Amino acid sequence: MVMTQNSPARPRAAASFAPPRRRRRRATSGSARLAALLVSPTLLVLTVVVLYPTIVALKDSLFGTPGLDPKTGFVRDTDPFVGAENYTAIFGDAADRFWNAFWNTTFLTFTTVALETVIGVAMALIMHRAFQGRALVRASILVPWAIPTAVSGLLWRWIFNSDGIANTLTGQHVLWTTEGFHAQVAVIIADVWKTAPFIGLLVLAGLQVINKEVYEAARMDGASPLRQFWHITLPLVKPALMVAVLFRTLDALRMFDLPYILIGAQKTSVETLSMLAQDEAANVRFGPAAAYAVILFLYVFLIALAFVRLLGANVVGDDESGPKRGRWLPRRRTEVAA
Amino acid sequence: MTLSPRLRKWLLYAGVAAVVAYCLAPFYWMLVSSLRRTSDIFDNSLFPTRISFENYLAVLDPSAAFTRALLNSVVVAGITTLLALILATFTAYAMARLEFRLKRLVLTLIIATSMFPVVSIMVPLLKMFVDMGWINTYQAMIVPSMSFTLPLAVWNLTAFFRQMPRELEHAAMVDGCTRGQAFRKVIIPLAAPGIFTTAIITFIAAWNEFLIALSMTNKPEMQTAPVAISKFSGATQFETPFGSQMAAGVLVTIPLVIMVLLFQRRIVAGLTAGAAK
């Protein structure tokens, strides 16, 4: 279908090489039609599975749960309209649980992303220097990334068991998976283990496109390794690092699997906004669940916006960042052809 | 800050060893624990005193329903990956090669959806699927999974298509191919490694999905493997079958680890394609 629609493309292709102006414009409108045809199925699917549910969530969040109507005394089958009640409840009845989940989410996101960034950059620097055993390092760094979070939750619950290896190695008798600050520590350690290598990978890719001559020039001028790192490596690797940190932050804000499996559902110390919303939905309180989901969505959206606006993370990575691409092309081309 | 070359070399080896140990030690612990007998599961020695496969036999026992969960995972992740790849290949080609208005906006929107909190769409979809009677069906897990696999695939493939020289299609079109033929006969075969890599990355993302699969099922025979292992429980409430859990964890992870080992170069290239521009 795509193919036939565009069948008179031969003269068109020729036109783009020796362009008389009028024909070229026609070629552009043809490519716009083709583009619409190619892009619309994806947009349609995303509209159905993302945009439509979001609008429904907004609507649902204005309705309460069916039950006894306090005014009439009858049992209702349908969800009653409650207006902004689900939202005002986060300052009233549901305040404790909501704000606890909100601060847990924020705290876990901040600490895990900060630790992951430091460890990830350190890993990238080591991998960048290593020439022997590169394949081994690359393979092993992908293992934590590939392990399902559910499995990693189980694995760390076993490690943090009261008679487990963590207590044996440290000589402590901490009940890691019970309520308390240590439960947060357990979640942070498990999350950092799984995701620091991912940041390491992205930063390594950024390191590999830095021109070696810059370092030589710096060394000639007598810059110490520390200064080189601070004034050359870090600024040049910043675009790749920004994207990695943005992705990790948004991912950490929706954290669910790890605390759910490692510590458990409805645990005050580690309940995140995702867990709160899921718990409400699983207990058929769709109204409050939708309200929490909407709040989490807005929170994620604001943080993403702040990243793009204030820190200039270029996620789309299109042609505007031109000069570096040239250096990537030749290597990749051989890889694709091979 | 001047170190002798020899010391530097040893420091580098130590660093590499530390990175490898960091990544593999917990995985190794899962493997070792899964090979212990139930009687010495709390034995914290680095090697199992006697290797036993009793945990694996227990997990793969038909009554445990874990094999069914593995099959469910293959079906859900497989179909999700296939659908996402088909749609994403066309879209990514348009993103990388065609000029049209609002292109940047469309690409930004598609990528933005992948960062969307899954729970925000899961809550309304759960309510809808309850009304539609879709609970405990494969489509109830596949449809929401498209929300994160499709943007991931589009993003990866766009980066791959952009790296391919435009001259390839131009040459084909000068030789008389239409754009469609150039796409089908020149671009697709040459992009096969990129499409394959994207398939692996998308499959791993779909395979690891937990929140949707947990919420959309309540019958054990429809659960996917990650949900099934999270619900493993022992004979009594106070006995957690750590050995079986570790064995199941190894079984769920091994296919992914093998894929990662075989295609590590390509996966790394795919994961970093968009970021390192």
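Residues numbered from 1 in each chain as written. Chains lettered and ligands numbered in written order. Predicted model: local features only at pLDDT ≥ 70, side-chain atom pairs only at ≥ 80, totals over all residues.

1. Some points on the overall build of chain A
Using the following cut-off: Helix numbering and strand numbering both begin at the N terminus, where a helix is a DSSP run of H or I of at least 4 residues and a strand a DSSP run of E of at least 2. Counting other C-beta atoms within 10 Å of a residue's C-beta gives its exposure: the residue is buried at 20 or more, exposed at 12 or fewer, and partly exposed in between, where C-beta atoms are placed from the backbone. Whether two residues are in contact is decided by their C-beta atoms, placed from the backbone, lying within 7 Å.
Within chain A one finds 15 helices and 0 strands. Buried positions account for 40% of the 338 residues belonging to chain A. Contacts in chain A between residues far apart in sequence, at least 24 positions, make up 68% of those at least 6 positions apart.

2. Let's talk about the domain arrangement of chain B
Residue and element names in this part refer to chain B. Worth spelling out the cut-off: Domain start and end points were adopted from an automatic or database domain assignment. Each residue is assigned to one of three groups, with Ala, Val, Leu, Ile, Met, Phe, Trp, Tyr, Cys and Pro labelled nonpolar, Asp, Glu, Lys and Arg labelled charged, and all others, Gly among them, labelled polar.
The assigned domain composition of chain B is domain 1 (5–54) and domain 2 (63–272). Domain 1 puts 7 residues into the contact, and the matching count from domain 2 is 6 residues. Classifying every residue of the side of domain 1 that touches domain 2 gives 3 nonpolar, 3 polar and 1 charged.

3. Describing the interface of chain B and chain A
Every contact between the two is made by 92 residues of chain B and, on the other side, 97 residues of chain A. Looking at the side of chain B that touches chain A element by element, the count peaks at 12 residues for helix H1 (residues 5–34) of chain B. Split by residue class, the side of chain B that touches chain A holds 63 nonpolar, 23 polar and 6 charged.

4. With respect to the confidence of the model for chain B
Residues and elements named next belong to chain B. Formally: One confidence number per residue, pLDDT, is output by the predictor and ranges from 0 to 100.
For chain B, mean pLDDT is 85; residues scoring 70 or higher make up 94% of the total. Confidence scores differ between elements of chain B, with helix H12 (residues 264–272) showing the lowest mean pLDDT of 81 and helix H3 (residues 66–97) the highest of 93. Scored by ipTM, the complex comes to 0.88, with pTM at 0.84.

5. A short note on the UniProt feature "transmembrane region" (unreviewed entry) in chain B
Put simply, the test is: UniProt positions are given in the numbering used here, feature names are shortened, and annotations may be inferred rather than shown by experiment.
What UniProt calls "transmembrane region" (unreviewed entry) maps, in this numbering, to residues 12–31, 69–93, 105–126, 138–161, 182–207 and 242–263 of chain B. Secondary structure content for residues 69–93 of chain B is 100% helix and 0% strand, and the end C-alpha separation is 36 Å.

6. Points about helix H8 (residues 179–207) of chain B
Because each turn of an α-helix spans 3.6 residues, side chains separated by three or four positions end up pointing in the same direction. Threshold: Take the number of residues in a helix, subtract one, and multiply by 1.5 Å to get its expected span. The quantity called bend is, for any residue, the angle between two axes fitted respectively to the seven residues ending at it and the seven beginning at it.
Compared with the 42 Å implied by 1.5 Å per residue over 29 residues, the 35 Å span of H8(B) between its first and last C-alpha is markedly short. The sharpest bend along H8(B) reaches about 55° and sits at B:Ala192, with the proline B:Pro193 one to four residues further on.

7. Examining unusual backbone geometry
All names here are of chain B. With a phi close to 65°, Leu102 is a non-glycine residue in the positive phi region. Relative to the elements of secondary structure, Leu102 occurs in the loop between H3 and helix H4 (103–114). Even without glycine at this site, Asn136 takes up a positive phi of about 65°.

8. Re the packing of helix H5 (residues 95–129) of chain A against H1(B)
Formally: Under this scheme, a helix contributes an axis fitted over its contacting stretch, all axes are lines through C-alpha atoms, and angles between N-to-C directions fall in the 0 to 180 degree range. Oblique is the label for any angle not covered by the other classes, which are roughly parallel (under 35 degrees), roughly antiparallel (over 145) and roughly perpendicular (65 to 115). Left-handed describes a crossing whose near helix is turned anticlockwise from the far helix by less than a right angle; the clockwise case is right-handed.
Running from N to C, H5(A) and H1(B) point in directions that differ by 125°, and their axes come no closer than 9 Å. With respect to their mutual orientation, H5(A) and H1(B) come out oblique. As for the relative orientation of H5(A) and H1(B), their crossing is left-handed in sense. Of H1(B), the residues touching H5(A) (which contributes A:Met123, A:Ile126, A:Met127 and A:Arg129) are B:Leu12, B:Gly15, B:Val16 and B:Val19. When its residues are assigned to classes, the contact of H5(A) with H1(B) shows 6 nonpolar, 1 polar and 1 charged.

9. Side note on the packing of helix H7 (residues 167–174) of chain B against H8(B)
All names here are of chain B. It is the contact of H7 with H8, at a shortest axis distance of 9 Å, that shows an interaxial angle of 135°. By the angle between their axes, H7 is oblique relative to H8. The two elements H7 and H8 meet at a crossing, and its hand is right-handed. Here Leu168, Glu169, Ala172 and Met173 of H7 come into contact with H8, specifically with Arg179, Ala182, Val186, Ile187 and Leu190. By residue class, the composition of the contact of H7 with H8 is 7 nonpolar, no polar and 2 charged.

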